[in-house]
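The residues making up each chain are set out below.
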Amino acid sequence: MTETGAPPHPTFAVLTAQNLRDRLAGDSELAVIDVREGGRHAADGHILRSTSLPLSRLELEVATRIPRRGTEIVVYDEGDGHLAGRAARRLTELGYTRVVLLDGGVQGWTEAGYETFTGNNVIGKAFGEFVEVTYGTPHLSARDVKARLDAGENIVVLDSRPEPEFVNFSIPGAIDLPGAELVYRFAAAVPDPDTLVVVNCAGRTRSIIGAQALINAGVPNRVVSLANGTMDWLLDGFALQSGKPNLAPLPAGDALTEARNAAARLERRFALNVIDQAALIHFRREAEEDRRSLYLLDVRSREEFEAGHLPGSRWAAGGQLVQQVGDWVATQNGRIVLIDGPDRVRAAITASWLVQLNWAEVFILEDALSGTVEVGPERNLLAALPPPADTIEPAALHDLLNGEAATLLDLGTGAAHKAGHIPGSRFAIRSRLTGAAEAVGGAGPLVLTSGDGTLAAFAAAEIAGRIDRPVLVLAGGTRAWRAAGLPLVPGEGEPLDPFEDAWLTPYQARDRHAAFRDYLAWEIGLVEQLERDGTARFRVFPAAEILAARAAE
């Protein structure tokens with residue numbers, strides 16, 4: 001199937017590449033979104049300070065990532081304007097009032113002589129490389145670290161990735177301290193100030209940011225990053241372990257005191273803005289009046305968030321937020337308010353990096369959880385309610401499929417489809433379904449499914465009446481099928497569209513070692529790309545201020 005759709009609507013304003021570059025140099029709120037599929041965004045090149053927000057998932061994600069309807073939104077695609085025009089019209093239907101198109105899309109940006117970037121979450125990864133060069137973050141090679149471990153030296157490896165990633169694979173003996181937990185739990189995990197601390201991740205960015213975070217926080221230990229993370233570890237022929245969680249303990253007593261002292265140093269050094277509830281009320285009022293964007297992000301653990309969180313806040317693991325800021329905050333120059341427990345340690349370390357990344361204004365809410373809290377997981381905020389659709393229950397669909405009396409398309413994520421899909425279903429990309437549904441073969445009704453059925457309902461409304469066969473939605477989606485005890489099968493099956501909805505990591509490549517080398521060369525080269533691009537606005541805080549912050553205690 002190919003991408004189809006009408007060209008951009010003539011009433012939308014159009015920005016040239018130079019216009020957009022001028023906007024990026026300003027301080028006004030701005031969201032620049034690439035509405036191609038995530039895999040295309042990564043592989044074909046994109047604008048550095050844009051975020052991937054595919055047309056396929058627009059209604060599911062835009063309300064949380066661009067909450068203010070009056071935000072100026074620049075929409076682009078590869079260049080022909082088909083996806084961008086459709087996305088612009090849909091955004092307008094959803095109530096966004098300042099939607100403009102980038103003339104010529106990413107192709108027009110390139111033809112104007114400007115830089116494009118391949119890869120995923122590039123602004124965060126480029127920032128990590130910038131940090132290493134700017135601050136001289138020390139590192140050790142995998143061979144050096146392995147030799148020290150084998151020799152029984154006083155050394156510890158701290159893994160800065162979230163626990164699911166750690167459990168998937170980790171260096172034997174490593175301790176898991178995800179992201180902002182590094183500073184919070186450090187003294188509990190590493191009580192000896194003479195221990196050499198090596199911070200590790202799957203590649204480079206979180207190793208660098210994690211090591212420099214501990215240095216910035218003023219821990220007494222010598223701290224280094226593991227050069228190139230577990231990629232180099234594997235390239236050097238060393239083994240990893242899997243299935244073994246090893247989360248560092250929560251701090252208490254002296255360890256908690258040390259963590260609070262570290263947070264205080266960070267607040268002073270980076271001049272972090274701590275606000276009270278009255279200020280938050282003011283921020284909320286301005287957001288409600290469509291004057292400023294407001295993002296309330298809770299940087300505690302998921303378990304803490306679900307046990308009680310500030311109404312209206314979202315969960316965002318601190319370390320991941322720094323690397324993937326656009327996944328939570330698509331609007332640049334808006335307001336981010338970080339939510340934490342009373343010690344504010346994780347908020348301080350997260351804020352210290354966000355103010356250097358300089359993507360938005362950053363604030364820490366004091367006594368954030370002292371009032372009314374909500375319990376449970378984060379609410380899924382849709383930009384619009386899914387339209388009514390004719391549905392079919394899992395058992396009835398099972399019977400139809402067994403009789404080959406229906407065609408089933410899976411509009412969920414490629415990763416979910418590969419992990420387990422309904423037998424006989426074919427992976428398809430929603431944005432490519434409009435205008436091409438007649439080409440789908442098979443007999444009987446065309447049935448659409450997605451994770452919980454929501455995305456399928458939006459898609460059904462777009463194609464119903466355009467094809468000469470009934471269009472049904474699986475009630476409750478693939479989750480309901482699973483809950484009914486019906487089988488799922490892993491693998492790709494027979495996809496209708498390529499799996500281009502997401503970027504595949506080097507760990508998923510057939511030749512991982514070659515992919516590792518290519519990836520590491522690409523990431524190290526981001527510093528030179530940043531210089532050529534010239535749109536990043538990272539802030540630098542002199543390293544000497546660490547000593548001044550310590551002396552002020």
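In this report, the structure presented in the accompanying data block is examined. (Residues numbered from 1 in each chain as written. Predicted model: local features only at pLDDT ≥ 70, side-chain atom pairs only at ≥ 80, totals over all residues. Heavy atoms only, no water.)

1. As for the side chain of Glu 61
- Here Glu 61 is to be found in helix H3 (residues 58-65).
- Only 2.8 Å separates the side chain of Glu 61 from the side chain of Arg 57, close enough to count as a polar contact. (Helix = DSSP H or I, 4+ residues; strand = E, 2+ residues; numbered from the N terminus. Polar contact = N/O pair within 3.5 Å; in protein donor to acceptor, adjacent residues only side chain to side chain.)

2. Things to note about the environment of Ala 437
- Of note, Ala 437 is situated in the loop between strand S19 (426-427) and strand S20 (446-449).
- A residue is classified by how much of its surface remains accessible, and Ala 437, at 3% relative accessible area, is buried.
- Put simply, Ala 437 and Arg 510 are 73 residues apart on the chain and 33 Å apart in space, counted from C-alpha to C-alpha.
- Non-local contacts of Ala 437, meaning those with residues more than four positions away in its chain, are made with Ile 463 and Ile 467. (Buried < 20%, exposed > 50% of the residue type's maximum accessible area, 1.4 Å probe, protein only. Contact = heavy atoms within 4.5 Å.)

3. Some remarks on the sheet that holds strand S15 (residues 335-339)
- The parallel open sheet is built from 5 strands, whose spatial order is S11-S16-S15-S12-S13. Only two strands of the sheet have a single partner each, and these edge strands are strand S11 (273-275) and strand S13 (314-315).
- Where strand S12 (residues 294-298) and S15 come together, 5 bridges link them in parallel fashion. Across the sheet, residue Leu 296 finds its bridge partner in S15, namely Val 337. (Pairing = 2+ DSSP bridges.)

4. Points about empty space enclosed by the protein
- With the rule as written, the count across this model stands at 2 cavities of 30 Å³ or more.
- Of the volumes computed, that of the largest cavity is approximately 160 Å³.
- Along the wall of the largest cavity there are 17 residues; nearest its centre are Gly 179, Ile 209, Gly 210, Gly 319 and Trp 353.
- Mapped by element, the contributors of at least two residues to the lining of the largest cavity are helix H10 (205-217), helix H15 (318-323) and helix H17 (345-357).
- Examining the composition of the lining of the largest cavity, we find that 5 residues originate from one element, H10, more than from any other.
- Counted by class, the lining of the largest cavity contains 7 nonpolar, 9 polar and 1 charged residues.
- Considered as a void within the structure, the second largest cavity measures approximately 50 Å³ in volume.
- Every residue along the wall of the second largest cavity is listed here: Arg 49, Ile 123, Gln 332, Leu 357, Asn 358, Trp 359, Ala 536, Arg 537 and Phe 538. (1 Å grid on protein atoms, 1.4 Å probe; cavity = no way out; pocket = protein on both sides within 12 Å on 5 of 7 lines; lining within 4 Å. Points joined across faces, edges and corners; volume = space filled by probe spheres on them. Nonpolar A, V, L, I, M, F, W, Y, C, P; charged D, E, K, R; others polar.)

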